[in-house]
Amino acid sequence: LLDKYCTIQQDFAQRPAVQQAAEMADAADESLAWMVDYLYRHFDAFTLLICCSAGTEYSAYMDKMVEIEVTATLRFIEDMHRAGQPVNDVDRQLIHILANAFFAGIFEVVVHEMPKDKAIGYINRLKEFYTAGWLKILGL
């Protein structure tokens, strides 16, 4: 999951800034659909990872996901500035807080052993909420 998420973020960053801004929501849809499918194909492993990894080398797994998102968001803002596209600056710490809350929300489907069909709807609503919030915060 971490490797694929890194690849998704790197591929997105290769697009021109204007295209990134225009395709942000669609890219999120695609990556989250893949992520939910992956979570459910490996549900037992993610249950251990999310619910039982305290004190192990895997306890920082979500932190790694968050850091990938923080780095990608800062890169997106820089790309927009370099391309002359208007976008608000956002503090690294705020990006971290929002990314952490987002991933915690996603992994709640594992914590609560949510059926996949319900999880898909839940995560889609979560994505809608965060997409709207990011567009507002970034001024897009």
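Each chain carries its own residue numbering, running from 1 in the written order of its sequence. pLDDT decides what is reported in this predicted model: residues at 70 or higher carry local features, side-chain atom pairs at 80 or more are listed and counted, and totals for whole chains, interfaces and linings draw on all residues regardless. As a convention, hydrogens and water are excluded, and side-chain values are obtained from all of the structure's heavy atoms.

Asker: Would you take a moment to explain the packing of helix α3 (residues 43-51) against helix α5 (residues 92-111) for this structure?
Answerer: When two helices pack together, their arrangement is captured by the angle between the axes and the distance separating the axes. Axis lines are fitted to C-alpha atoms, over the contacting stretch for helices. Their N-to-C directions set the angle, which ranges from 0 to 180 degrees. Secondary structure elements follow DSSP: runs of H or I of four or more residues count as helices, runs of E of two or more count as strands, with numbering from the N terminus. With their axes 9 Å apart at the nearest point, α3 and α5 run at an angle of 115° to one another. In terms of crossing hand, the pair formed by α3 and α5 is left-handed. Residues Phe-43, Phe-46, Thr-47, Ile-50 and Cys-51 of α3 touch α5, and the partners they reach there are Phe-107, Val-109, Val-110 and Val-111. Of the residues contributing to the contact of α3 with α5, the split by class is eight nonpolar, one polar and no charged. Throughout, a crossing is termed right-handed when the near helix is turned clockwise from the far one, and left-handed when it is turned anticlockwise from it by less than a right angle. The contact criterion used throughout is that any non-hydrogen atoms of two residues lie within 4.5 Å. Only Asp, Glu, Lys and Arg are considered charged in this grouping, and only Ala, Val, Leu, Ile, Met, Phe, Trp, Tyr, Cys and Pro are considered nonpolar; every other residue, Gly among them, is considered polar.

Asker: What is the right way to look at the nonpolar core in this model?
Answerer: In a soluble, globular protein the nonpolar side chains are often hidden away together inside. What makes a nonpolar core is a set of buried Ala, Val, Leu, Ile, Met, Phe, Trp, Tyr and Cys residues whose side-chain atoms join them at distances within 4.5 Å. Here's how the labels work: a residue is buried when its accessible area is under 20% of the maximum for its type, exposed when over 50%, partly exposed in between, all with a 1.4 Å probe on protein chains only. In this structure, Phe-103 and Ile-106 are the most contacted members of the largest nonpolar core, which totals 42 residues. Broken down by secondary-structure element, the contributors of at least two residues to this core are α1 (2-13), α2 (17-41), α3, α4 (61-82), α5 and α6 (116-138).

Asker: For this particular structure, what's the right way to read a nonpolar patch on the surface?
Answerer: Together, Leu-94, Ile-97 and Ile-137 make up a nonpolar patch on the protein surface, roughly 220 Å² of accessible area in all. Examined against the element boundaries, Ile-137 turns out to sit in helix α6. Taking the relative accessible area as the measure of exposure, Ile-137 reaches 30% and is therefore partly exposed. Each patch groups residues whose relative accessible area exceeds 30% and which form no salt bridge, using 9 Å between like charges and 5 Å between nonpolar side chains of Val, Leu, Ile, Met, Phe, Trp and Tyr. Using a 1.4 Å probe, accessible areas were evaluated by the Shrake-Rupley method; residue-level cover was limited to the displayed protein chains. The salt bridge definition used is simple: a Lys or Arg side-chain nitrogen within 4 Å of an Asp or Glu carboxyl oxygen.

All quantities given are derived from atomic positions and should not be read as evidence of function.
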